[in-house]
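A look at the structure
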Amino acid sequence: MTLSALPLLGQHQFGNSRISGDFGFNGMYYMPDSLIGAEKVDSKVRANAFINLLYSNGGFSAGVRYEYYQFPLIDFEKIQYQGQGVRYFFADYKNKFIQVTAGNFYEQFGNGLVLRAYEDRQLGIDNSLLGARVKVTPYKGITIKGVWGIERFNFESYLGRRDFVRGLDGEIALGELIPKMQEKGFITNIGASFVSKFEKADEPINARLYPGTDSVCDGEIPAEKIPQNIPIWATRLNFGYKGFRFDAEYAQKMQDPNVSNDFIYKKGDALFLSATYSMKGFGVAASFIRSDNMDFRSQRMVQQNSWLSINNIPAINRQYSYQLISDYGFASQPNSQIGVQLQVNYKIPKKTKLGGKYGTDLTFNFSRFHNTDQQPVALALEYGTPMGTEGYTSSFFKFGPDLLYQDIGLEISHRFTKAWKWTLAYNFISYNLEILQGHRGMMRGHLVASDLQWKITSKHALHLDLQHLYTKDDEGSHVYGMLEYSISPRWFISIGDDWNYGNPDPSRRLHYFNIAGAFVWNTTRIALNFGKTQEGILCIGGVCRAVPASYGVGLSITTSF
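It is possible for side chains of opposite charge to pair when their charged atoms get near one another. Evaluation of the coordinates by the stated rule reveals 26 salt bridges. Across the salt bridge formed by Arg545 and Asp75, the nearest N and O atoms sit 2.9 Å from each other. Of this pair, Arg545 sits in strand β34 (residues 543-547) while Asp75 sits in helix α1 (residues 74-78), placing them 470 residues apart in sequence. By relative accessible area, Arg545 is classed as buried at 6%. Residue Asp202 is joined to Arg162 by a salt bridge in which the shortest nitrogen-to-oxygen separation is 2.7 Å. Separated by 40 residues along the polypeptide, Asp202 in the loop between β14 (186-199) and β15 (205-212) and Arg162 in the loop between β12 (142-151) and β13 (163-173) bring together distant segments of the chain. Judged by its relative accessible area of 40%, Arg162 falls in the partly exposed class. Salt bridges sharing partners connect three or more residues here, namely Arg65, Glu67, Glu119, Arg121, Asp126 and Arg152.

Turning to the state of the cysteines, a few remarks are in order. Evaluated as defined, the whole model comprises 1 disulfide. Between the sulfur atoms of Cys539 and its disulfide mate Cys544 the distance is 1.9 Å. Taking the sign of the torsion about the S-S bond as the criterion, the disulfide between Cys539 and Cys544, at about 110°, is right-handed.

Let us look at the side chain of Thr360. Take Thr360: it is sitting in strand β22 (residues 360-372). Given a relative accessible area of 5%, Thr360 falls into the buried group. At a separation of 2.7 Å, a polar atom in the side chain of Thr360 contacts the side chain of His414. For Thr360, the contacting residues outside a window of four places in its chain are Tyr346, Lys347, Ile348, Leu354, Gly355, Ile412, Ser413 and His414.

Attention shifts here to a positive patch on the surface. Together, Lys280, Lys350, Lys351, Lys357 and Lys418 line one region of the surface with positive charge. Tracing the backbone shows Lys280 in the loop between β19 (268-279) and β20 (282-292).

Within the secondary structure, Glu67 is located in strand β4 (residues 60-69). Given the relative accessible area of 2%, Glu67 is considered buried. A distance of 3.0 Å separates a polar atom in the side chain of Glu67 from a polar atom in the side chain of Arg65. Side chain to side chain, Glu67 and Tyr81 meet in a polar contact 3.3 Å long.

Grouped together as the largest cluster of nonpolar side chains are 45 residues, with contacts concentrated most on Val114, Leu115, Val195, Phe369 and Tyr431. Put simply, the parts of the chain that give this core at least two residues each are β17 (229-241), β19, β25 (399-415), β26 (420-432), α5 (433-437), β27 (442-455), β29 (478-487) and β33 (536-540). Setting aside its immediate chain neighbours within four residues, Leu115 contacts Glu107, Gln108, Phe109, Leu129, Val147, Val195, Ile310 and Asn311. Grouped together as the second largest cluster of nonpolar side chains are 10 residues, Met28, Phe76, Ile79 and Phe155 included.

Thresholds, definitions, all that
Residues numbered from 1 in each chain as written. Predicted model: local features only at pLDDT ≥ 70, side-chain atom pairs only at ≥ 80, totals over all residues. Heavy atoms only, no water. Salt bridge = Lys/Arg side-chain N within 4 Å of Asp/Glu carboxyl O. Helix = DSSP H or I, 4+ residues; strand = E, 2+ residues; numbered from the N terminus. Buried < 20%, exposed > 50% of the residue type's maximum accessible area, 1.4 Å probe, protein only. Disulfide = S-S within 2.5 Å. Polar contact = N/O pair within 3.5 Å; in protein donor to acceptor, adjacent residues only side chain to side chain. Contact = heavy atoms within 4.5 Å. Patch = residues over 30% accessible without salt bridge, like charges linked within 9 Å, V, L, I, M, F, W, Y side chains within 5 Å. Areas by Shrake-Rupley, 256 points an atom, 1.4 Å probe, with all protein chains shown as cover. Lys, Arg positive; Asp, Glu negative; His and termini not counted. Charge placed at Lys NZ, Arg CZ, Asp CG, Glu CD. Core = buried A, V, L, I, M, F, W, Y, C linked by side-chain atoms within 4.5 Å.

Okay, here's the thing in structure tokens:
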């Protein structure tokens with residue numbers, strides 16, 4: 001959540017001035033468990049905490065956020081998101097013509113192919129820019145944005161940094177410029193972006209690469225041959241008419257030798273296409289994504305997690321909340337991915353044999369992603385390493401030999417009465433463990449999920465979630481069950497268990513239980529849980545991070561004022 005979007009519930013007003021904010025605390029008491037791999041930690045009690053304060057008066061606003069991650073949750077410590085202090089502050093003024101921001105800010109150009117400065121607290125991502133932003137609307141329907149800043153790097157100091165980011169974005173909304181288009185149902189927006197990163201290069205790059213399974217190569221790139229200014233640009237189109245909508249964006253990055261691409265000089269590019277059509281009872285959406293050599297960071301020697309990522313390649317595959325396939329979420333591969341997504345929604349009409357009194361919703365989904373086709377250039381073969389060369393050539397629309405991820409799914413949702421609703425889902429998942437997680441092989445699994453909801457009274461409800469993942473790969477088959485009872489709007493109580501009954505190692509056929517409860521009062525939510533978490537990954541929108549095994553008691557508090 002950004003400071004400029006803080007909830008105003010419970011705000012304090014003094015004349016035209018308003019003061020608001022929010023607070024969050026997420027703590028845990030850790031207990032070791034050698035069976036699940038939960039390590040003994042030095043500080044058993046750990047917590048992540050923050051507080052936001054926002055002042056606003058007319059077109060002026062200012063905010064500050066203090067974060068306390070001195071003894072963070074162990075998964076945050078492992079990604080080095082550890083420290084404390086004021087890590088976000090800003091002052092902003094806006095009117096109908098101009099908006100000026102100084103300090104920290106978040107920003108996204110288009111779909112994020114060239115710039116996405118954002119925060120995701122669950123993933124431990126905050127790559128806000130410290131600098132200045134100017135947004136101008138010279139005429140209705142025309143928007144121009146300019147940014148300059150240094151990207152946040154966890155809790156490290158900005159002092160002494162030798163890198164910064166600058167960018168310019170413009171968009172024209174033809175529907176606002178030509179009202180008759182909008183009146184007839186047309187939506188047409190065109191835009192373009194330009195971003196440049198600067199990083200000082202006064203020392204050579206010395207690196208050890210592993211170009212083949214049995215080969216090692218030490219290489220060096222002289223300082224004078226290292227690009228210091230790396231530009232990236234994009235153009236985009238958004239078109240809509242009645243129930244149809246089409247989005248397209250193409251981006252290209254200039255030569256950017258860095259650790260993630262083995263220090264090659266090939267240009268990078270990305271293409272995002274999306275088309276949707278909807279009418280009463282029917283909808284279809286199709287998307288295409290290709291990204292090649294598009295990992296773009298403020299510092300060329302950083303590769304881990306999403307540290308210092310300037311851009312973002314969006315995930316187009318369907319996002320699920322199923323517990324048993326959460327460890328197999330697709331992580332977007334900016335340097336090598338090409339894929340498609342198709343989703344069809346159909347509602348069987350009400351008062352028919354199959355639709356029943358309330359109708360039946362059907363959702364079919366298909367997505368498939370490969371690496372890009374890559375053929376080494378002659379110099380790379382001659383030198384035995386791609387370092388310092390163009391690296392490879394790539395046919396733009398050709399799918400590479402390695403399947404990264406595939407999902408085929410069908411979901412049926414039916415309401416029997418006002419009180420009873422049932423959802424049944426099936427998915428067949430193919431997941432490349434070696435490329436996406438660094439483990440061997442491919443996971444192919446069948447997931448069946450059943451979700452039953454019973455609204456007992458206007459305030460009391462029962463929710464039963466049952467899932468079964470059948471696979472002979474990776475950790476083997478799982479079965480999961482969760483029962484939740486809620487007394488709206490204040491109380492929520494649940495109990496769940498994930499049993500890895502099919503693990504190839506009999507001693508690892510373990511239960512991962514969780515008991516949780518939550519209380520809500522006005523804008524305050526207090527949640528308590530006790531249980532075990534299996535080692536795996538957490539993915540949100542194609543961005544992922546590792547999650548270690550844990551066992552203990554957790555407390556979460558959020559409030560706004």
